[in-house]
Amino acid sequence: MSREQSGDRISEIVGDALELEGEAQASFLDSVCGDDAALRLEVESLLAVGRSQEAEGFLAVPAPEQLAAERLSGLTVGNLSAGGTSSRGVSLPSSIGPYRVLEALGQGGMGTVYLAQQVEPVERKVALKVMRGLFAGSSKRRFARESQTLARLNHPNIAALYEVGSTGEAPYVAMEWVEGFPITAWCDRERLSLTERLQIFRGVCAGTQHAHEKGILHCDLKPSNVLVTSIDGEAVAKVIDFGIARALGDPVTSESAELVLGSPPYISPEALSAEGRRGLGARTDVYSLGLILYELLVGVLPFSSESRQSFLAFMRQVTEQEPLAPSQRFAGLPAIRSEAVAERRGLGAPHLRRHVAGDLDAIVLKAIARDPKDRFGSVSELLAEIERHRARRPVEARLPNRAYVAGRFARRHRTVVVAGFLLLVALVGGLIARSIEAHRAQQALAESEQVRQFLVDLFESGNPEAASGEVFTVRDLLDQGTLRLREDLADQPLARARFLHSIGAIYLRLDELYAAAEVIGEALALRRRHHGAGHPEVIESESEMGVLLRRLGRYDEAEVLLQSVLTARQADPDVDPELLARAYSNLGNLYWSAERFEEAERIHRSGLAVRERNTRRLRTPEARMDEAYSANNLAVMLLTRRKYAESLAPLERALELFETDNPVLRGSALNNLGLVHRNLPSWAEAEGTFRDAIDVLDSGLGSKHARPLSARRNLIFELVLRHRWEEALNESERALQLAETVDDRLTLAQIVRTRARVLRLAGKADLAVETARRSRAIAVAEQGPEQPLPVSCRTELALALAARGELTAAVDELRAVAEIQGRLLPPDHRSRLRTERAFGIVYLEADRGAEAVAHLRGALTIERQTASKNQASGPSRVVAETLLLLGRALLVEDLEEGVTSLEEALATLRKVLGDRHPLVAEAAFHLGRAERQRGRRDEARKLLAESVAIRQAVYPADDADLAASRRALAELDG
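What you see is a predicted model; the values in this text were computed from it and never measured.

Cut-offs used in this document
- Residues numbered from 1 in each chain as written.
- Predicted model: local features only at pLDDT ≥ 70, side-chain atom pairs only at ≥ 80, totals over all residues.
- Heavy atoms only, no water.
- Phe/Tyr/Trp six-rings, centres within 6.5 Å; stacked < 30°, edge-to-face > 60°.
- Helix = DSSP H or I, 4+ residues; strand = E, 2+ residues; numbered from the N terminus.
- Buried < 20%, exposed > 50% of the residue type's maximum accessible area, 1.4 Å probe, protein only.
- Salt bridge = Lys/Arg side-chain N within 4 Å of Asp/Glu carboxyl O.
- Expected span 1.5 Å × (residues − 1).
- Contact = heavy atoms within 4.5 Å.
- Core = buried A, V, L, I, M, F, W, Y, C linked by side-chain atoms within 4.5 Å.
- Pairing = 2+ DSSP bridges.
- Axes fitted to C-alpha atoms, helices over the stretch in contact; angles between N-to-C directions.
- Parallel < 35°, antiparallel > 145°, perpendicular 65-115°, else oblique.
- Left-handed = near helix turned anticlockwise from the far one by under 90°.
- Nonpolar A, V, L, I, M, F, W, Y, C, P; charged D, E, K, R; others polar.

**Some remarks on the packing of aromatic side chains**
Thought 1: Applying the stated criterion across every chain, the model contains 5 aromatic pairs.
Thought 2: Centroid distance Tyr-99 to Tyr-172: 6.1 Å. Interplanar angle 85°. Geometry classified as edge-to-face. Here Tyr-99 is found in strand β2 (residues 99–108), whereas its partner Tyr-172 is found in strand β6 (residues 171–176), with 73 residues between them in sequence.
Thought 3: On the basis of relative accessible area, Tyr-99 is assigned to the buried category, the value being 1%.
Thought 4: A relative accessible area of 3% means that Tyr-172 is categorised as buried.

What follows is the structure in structure tokens.
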């Protein structure tokens, strides 16, 4: 009898036996099983599980929705009497071992889980799982041995095991009590996106892999055994309940093979048979993880898991049917249900299906393959696939399909792939033309035909039929071309080099630095081998390689190449002026990156001069555009160095030159102009300039693109400056809604952080804290905890906590930020300046003047060091704002020194921003109050009157700070 026939026979016997009870069932089994002890054992094992599941449903603990509802309703556990009854009607023991039982949390086929109180040696709540009387003799010894192994687990995504003990009747396990929700319930409750769900699921994989590395197979992974809780504002998954775990690699006894391990519907096919249970390994847990991921993505499982369904029916589904892909299963749901599922993921139903189809479908199906050999070999392999998907790189579950590989590249960089394709077409045309012009011979025609065939083959790979139905457009050809060049044009090294150089240049502009290094390096080697030093094509590749090395931070190597390229361009009397200007620009950018600012400015000005002459000579749109680029780049460099007045002229020239039919470039330049105005006496023009930038960028890109959001953020800051809180809140909410629709999680994190800042400054501290925590969570999920954006989000969280009066929590956040920056950044880095200022603001909020003063002095030191390194001259707005904060802090400690600091701040602000800026009003207000305290009433009156006049002109009529200025002036005159 085949294995399949054997399975069918067992299924029939179990199905018939479930219709009988007691002696009738035993007699039936005697007749059908006869002397076949193995068959009898398998059938009875399945009957036991079937009865358990039909009685209790498939979940071993209450359903996630039930647990969530009870916890949210404020379920109390402190008033239970010893030996009483829980709120669920379950009879409670008064104590189990040294633990006082508080509540029954759930009951399943393998035991009961209680919430209990431990008093000694530490006081804490624990989750106490008491096993049913299934363990005796060798099984009990094995349980004790495996429990000791579990005690060695130590991972942030695994609930800690505190103790293993026995009541004399049954063993128990005391575990960390996780005050959380099952992972599926948590994600739905928080309306998490697919990206956020994958981030949490990564933690589940990490914890499970740790257990495997310690030799432990969980055997019962399901949503109710993965709880998510909030730790310091971040969602953390905890794998719990290793109660039926087994040691990987241990021999399986006949006793342990009798029991079906796991909980339908998350049990693997092999765990349903005694033969399969003898060989359980990591792939069993991979299967369960795949089903959890399936449910996280589309809200349902591949097979029905209704409690009314018999275990036999479930077993047949798992062992006989191929699971549907998540996107297909989702497509088959009723419309009302699919829309509800999608809404909990922040998407419409069609969008959710499209997001899941492809990579995620392939990953899940590989994880839940019926045959263990077809699954991922380990949890780490599953996790690696998820990481590849998150990075928008090809996932191995869909390879080998070169069309798909190219498609992933195109989807990572949608906006420039079409331009890359056009470049390839132009390149091929140039190759053919050069080849024929150079040789005018049959060999040239043969070579051009080979190049032509290469392009034909490349297009053919884009045929949907050739690509196995994969959606494949011209945008996908770039990566495909790189793959094909590994095999084609082998006898055309220079043609191959030209393709490689062009594709490498596109990689570089897409920030694919390591891919660019490989491709450009190969092109440069081919060209040097066949042309020798000094050839125009060699110089071309040396230029690209120099830019790449600069981007990689290898400045010394980059300088050798880029200086050589510039020298060669300067020495060529027939050089194309644009190539010369580009050589200046590349070398200038290198000097800027290496913080050699004086040299950088000199080189950039030289490049701009070349392009200015070229514009006068050619008078073409292309020449004007090139000059505009140089002018804009010089302006941005000066702006970054805080040379705002100097940056104004080149930026206005760039705006004049940028073609009006190029809204992206013009809008970006307008945004830069707004930043310049913000820091000059023309600051009042910034708001209108940012609004113009938004209008222009929206017209060119649409409001749902990431780039207009930068101008929107700047507009929000202008509204905050003017204390137009309602407008700022509305605009920040609008920006947040738009950011949610943009496929750019880092931009979303920035907008959420901006929203938190507006809420904080508008006096809505509770919402500010919640929003700041969300911005940090998004940024950490995308970049990890130590990149600049997550760190700045953490700083904003600290300021929000301080605004809510939580000084200790705020200081703890900032100390963590300072520790990260201390390890990764030089002492004079501007990010450390912002942290020191944040410390000062936090301590100033708490009226702890001495500590605020110490940090603000540190901020001033960093700013002055940075200005010196940048060769910046003249007064600085940043210095003035820090002096203003320092003066306020000093007034708490030392009146005279505080007045001196405020006087310097006020003088600097007048010089930098003019006499009518809100910061001038703030400095005048605090200095006026200080002068009154010193008894200098005339000086105080003049300053307070000035603060009233400025605030009255800029702030709304009901503004609190305007009222404070008026009140201070009235008290002085009264």
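What follows picks up the thread again.
**A short note on the pattern of salt bridges**
Thought 1: Throughout the structure, instances matching the rule amount to 61 salt bridges.
Thought 2: Here Glu-881 and Arg-877 are joined by a salt bridge, their closest N and O atoms 3.2 Å apart. You can see Glu-881 and its partner Arg-877 sitting in helix α39 (residues 877–893), 4 residues apart, about one turn around the helix.
Thought 3: A salt bridge links Glu-946 to Arg-910; the shortest N-O distance between them is 2.6 Å. Of this pair, Glu-946 sits in helix α42 (residues 937–954) while Arg-910 sits in helix α40 (residues 895–913), and the two are 36 residues apart along the sequence.

**Points about helix α30 (residues 686–701)**
Thought 1: The end-to-end C-alpha distance of α30 is 22 Å, a good match for the 22 Å that 16 residues give at a rise of 1.5 Å each.
Thought 2: Within α30, the full set of buried residues consists of Ala-686, Glu-687, Thr-689, Phe-690, Ala-693, Ile-694, Val-696 and Leu-697.
Thought 3: Taken together, the buried residues of α30 touch α29 (663–678) and α31 (706–721).
Thought 4: Following α30 by one or two positions, Gly-702 has its phi on the positive side, about 90°.

**Some thoughts on the nonpolar core**
Thought 1: If you look at the biggest cluster of nonpolar residues, it comprises 135 residues, and the most contacted ones within it are Met-545, Leu-587, Phe-658, Leu-709, Val-842 and Leu-909.
Thought 2: Listed in part, the 63 residues of the second largest apolar core include Cys-219, Leu-221, Ala-237 and Val-341.

**Quick notes on the pairing of β6**
Thought 1: Burial runs high along β6: 5 of the 6 residues are buried.
Thought 2: Examined bridge by bridge, strand β4 (residues 124–131) and β6 share 5 bridges and lie antiparallel to one another. Bridging across to β6, Ala-127 finds its partner in Met-175.
Thought 3: Strand direction decides the pairing type here: strand β5 (residues 161–166) and β6, joined by 5 bridges, are antiparallel. Opposite Ser-166, over in β6, you have Pro-171 as the bridge partner.

**Regarding the packing of helix α33 (residues 745–761) against helix α34 (residues 765–783)**
Thought 1: Two numbers describe how α33 lies on α34: the axes approach to 8 Å, and their chain directions differ by 160°. Taken together, the axis directions place α33 and α34 in an arrangement best described as roughly antiparallel. Note that α33 runs across α34; the crossing there is left-handed. Along its contact with α33, which presents Arg-745, Leu-746, Leu-748, Ala-749, Val-752, Arg-753, Arg-755, Ala-756, Leu-759 and Arg-760, the element α34 presents Ala-765, Leu-767, Ala-768, Thr-771, Ala-772, Arg-774, Ser-775, Ile-778, Ala-779, Glu-782 and Gln-783.
Thought 2: Residue classes in the contact of α33 with α34 are distributed as 12 nonpolar, 3 polar and 6 charged.

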